[in-house]
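Close look at the chain arrangement
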Amino acid sequence: MPELLSFIALLIQLYIYVVFAAAILSWLVAFNMLNTRNRFIYMVGSALNRLTEPAVSRIRRYVPELGGFDFSPLILILALFFLRDVVVLGWLARAAGAR
(Lines give C-alpha, C1' and ligand atoms only; values in the text may rest on other atoms or scores of the structure.)
Protein backbone atom coordinates (compact mmCIF):
# COMPACT_ATOMS: atom_id res chain seq x y z
CA MET A 1 0.00 0.00 0.00
CA PRO A 2 2.74 2.57 0.74
CA GLU A 3 4.26 1.93 -2.70
CA LEU A 4 0.95 2.70 -4.40
CA LEU A 5 0.53 5.92 -2.42
CA SER A 6 4.09 6.97 -3.27
CA PHE A 7 3.38 6.29 -6.94
CA ILE A 8 0.17 8.37 -6.81
CA ALA A 9 2.08 11.23 -5.14
CA LEU A 10 4.69 11.02 -7.93
CA LEU A 11 2.00 11.16 -10.62
CA ILE A 12 0.42 14.20 -8.98
CA GLN A 13 3.84 15.91 -8.84
CA LEU A 14 4.41 15.19 -12.54
CA TYR A 15 1.00 16.65 -13.40
CA ILE A 16 1.89 19.78 -11.42
CA TYR A 17 4.95 20.15 -13.65
CA VAL A 18 2.77 19.73 -16.76
CA VAL A 19 0.30 22.40 -15.61
CA PHE A 20 3.16 24.76 -14.78
CA ALA A 21 4.78 24.18 -18.20
CA ALA A 22 1.46 24.77 -19.97
CA ALA A 23 0.94 28.06 -18.13
CA ILE A 24 4.47 29.27 -18.93
CA LEU A 25 4.14 28.23 -22.58
CA SER A 26 0.80 30.03 -22.91
CA TRP A 27 2.36 33.21 -21.52
CA LEU A 28 5.31 32.96 -23.91
CA VAL A 29 2.98 32.48 -26.87
CA ALA A 30 0.71 35.34 -25.73
CA PHE A 31 3.68 37.73 -25.51
CA ASN A 32 4.96 36.61 -28.97
CA MET A 33 8.18 35.23 -27.56
CA LEU A 34 7.46 31.85 -29.14
CA ASN A 35 6.00 31.29 -32.58
CA THR A 36 3.36 28.58 -32.85
CA ARG A 37 4.14 28.20 -36.55
CA ASN A 38 7.23 26.34 -35.43
CA ARG A 39 6.22 22.69 -35.65
CA PHE A 40 7.95 21.67 -32.40
CA ILE A 41 6.40 24.52 -30.39
CA TYR A 42 2.99 23.68 -31.85
CA MET A 43 3.31 20.00 -30.95
CA VAL A 44 4.46 20.72 -27.39
CA GLY A 45 1.73 23.32 -26.90
CA SER A 46 -0.92 21.02 -28.29
CA ALA A 47 0.17 18.14 -26.05
CA LEU A 48 0.26 20.34 -22.94
CA ASN A 49 -3.13 21.81 -23.80
CA ARG A 50 -4.67 18.37 -24.25
CA LEU A 51 -3.27 17.22 -20.91
CA THR A 52 -4.34 20.25 -18.88
CA GLU A 53 -7.48 21.60 -20.54
CA PRO A 54 -9.98 19.08 -19.05
CA ALA A 55 -8.99 20.01 -15.49
CA VAL A 56 -8.49 23.73 -16.10
CA SER A 57 -11.76 24.18 -17.99
CA ARG A 58 -13.76 22.86 -15.03
CA ILE A 59 -12.15 25.45 -12.77
CA ARG A 60 -12.69 28.24 -15.33
CA ARG A 61 -16.44 27.77 -15.06
CA TYR A 62 -16.41 28.94 -11.44
CA VAL A 63 -13.54 31.45 -11.37
CA PRO A 64 -14.26 34.88 -12.85
CA GLU A 65 -11.73 36.37 -15.22
CA LEU A 66 -9.94 39.18 -13.43
CA GLY A 67 -8.60 41.80 -15.82
CA GLY A 68 -7.72 39.28 -18.53
CA PHE A 69 -5.70 37.05 -16.20
CA ASP A 70 -6.60 33.38 -15.93
CA PHE A 71 -6.04 32.12 -12.40
CA SER A 72 -7.40 28.63 -13.05
CA PRO A 73 -3.94 26.99 -13.53
CA LEU A 74 -2.82 28.49 -10.22
CA ILE A 75 -5.91 27.18 -8.45
CA LEU A 76 -5.37 23.76 -10.03
CA ILE A 77 -1.75 23.68 -8.87
CA LEU A 78 -2.76 24.64 -5.33
CA ALA A 79 -5.46 21.95 -5.32
CA LEU A 80 -2.93 19.38 -6.54
CA PHE A 81 -0.47 20.41 -3.82
CA PHE A 82 -3.24 19.96 -1.25
CA LEU A 83 -4.20 16.59 -2.69
CA ARG A 84 -0.60 15.38 -2.73
CA ASP A 85 0.59 16.74 0.60
CA VAL A 86 -2.45 16.40 2.82
CA VAL A 87 -4.39 13.49 1.40
CA VAL A 88 -1.92 11.12 -0.26
CA LEU A 89 1.14 11.74 1.89
CA GLY A 90 -1.07 11.84 5.00
CA TRP A 91 -2.33 8.38 4.13
CA LEU A 92 1.23 7.31 3.45
CA ALA A 93 2.37 8.53 6.88
CA ARG A 94 -0.59 6.77 8.50
CA ALA A 95 0.19 3.54 6.63
CA ALA A 96 3.86 3.73 7.62
CA GLY A 97 2.94 4.39 11.25
CA ALA A 98 0.59 1.41 11.35
CA ARG A 99 3.43 -1.03 10.75
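Everything numeric here is computed off the predicted structure, so don't read it as measured data.

What to know about the overall build of the protein chain
Helices and strands together make up the secondary structure of the protein chain, namely three helices and zero strands. Of the regular secondary structure in the protein chain, the N- to C-terminal order runs α-α-α. Compactness check: the protein chain gives a C-alpha radius of gyration of 17 Å against a globular reference of 13 Å for 99 residues, more than 25% above the reference. Considering only C-alpha atoms, the protein chain reaches an extent of 55 × 30 × 20 Å along its principal axes. For the protein chain, the residues scored as buried account for 24% of the 99 residues in total. Counted over contacts in the protein chain with a minimum sequence separation of 6, partners at least 24 positions apart contribute 65%. Per element, the accessible surface of the protein chain, about 7,400 Å² overall, is 69% carbon and sulfur. The positive charge centre, built from 9 side chains, and the negative charge centre, built from 5, are 6 Å apart in the protein chain.

Some points on the environment of Val63
Of note, Val63 is situated in the loop between helix H2 (39-60) and helix H3 (72-97). With relative accessibility at 23%, the residue Val63 sits in the partly exposed group.

Side note on the nonpolar core
Core analysis: the biggest nonpolar cluster contains 12 residues, these being Leu5, Ala9, Ile12, Ile16, Val19, Val56, Ile59, Leu76, Ile77, Leu80, Val88 and Leu92. Within the residue set of this core, elements represented by two or more residues are helix H1 (2-30), H2 and H3. Setting aside its immediate chain neighbours within four residues, Ile16 contacts Ile77, Leu80 and Phe81.

Focus on the packing of H2 against H3
If you want to describe how two helices pack, look at the angle between their axes and the distance between the axes. At a closest axis distance of 9 Å, the pairing of H2 and H3 adopts a crossing angle of 110 degrees. As the angle between them shows, H2 and H3 are arranged roughly perpendicular. Residues Ala55, Val56, Ile59 and Arg60 of H2 lie in contact with H3, whose contacting residues are Ser72, Pro73, Ile75 and Leu76. Across the contact of H2 with H3, the residue classes break down as six nonpolar, one polar and one charged.

Here's the deal with H3
The end-to-end C-alpha separation of H3 is 36 Å, in line with the 38 Å expected for 26 residues at 1.5 Å each. Approximately 30 degrees is the largest bend angle found in H3, and it occurs at Leu89. For H3, the complete set of buried residues consists of Ser72, Pro73, Leu76, Ile77, Leu80, Arg84, Val88 and Leu92. Buried residues along H3 sit in contact with H1 and H2.

Points about the confidence of the model for the protein chain
Mean pLDDT over the protein chain works out to 91, with 98% of the residues at or above the 70 mark. By mean pLDDT, H3 is the weakest element of the protein chain at 88, and H2 is the strongest at 96.

Parameters and conventions
- Residues numbered from 1 in each chain as written.
- Predicted model: local features only at pLDDT ≥ 70, side-chain atom pairs only at ≥ 80, totals over all residues.
- Heavy atoms only, no water.
- Helix = DSSP H or I, 4+ residues; strand = E, 2+ residues; numbered from the N terminus.
- Rg over C-alpha atoms; globule rule 2.2 N^0.38 Å.
- Buried < 20%, exposed > 50% of the residue type's maximum accessible area, 1.4 Å probe, protein only.
- Contact = heavy atoms within 4.5 Å.
- Areas by Shrake-Rupley, 256 points an atom, 1.4 Å probe, with all protein chains shown as cover.
- Lys, Arg positive; Asp, Glu negative; His and termini not counted.
- Charge placed at Lys NZ, Arg CZ, Asp CG, Glu CD.
- Core = buried A, V, L, I, M, F, W, Y, C linked by side-chain atoms within 4.5 Å.
- Axes fitted to C-alpha atoms, helices over the stretch in contact; angles between N-to-C directions.
- Parallel < 35°, antiparallel > 145°, perpendicular 65-115°, else oblique.
- Nonpolar A, V, L, I, M, F, W, Y, C, P; charged D, E, K, R; others polar.
- Expected span 1.5 Å × (residues − 1).
- Bend = angle between axes of the 7 residues up to and from the residue.
- pLDDT = per-residue confidence, 0-100.

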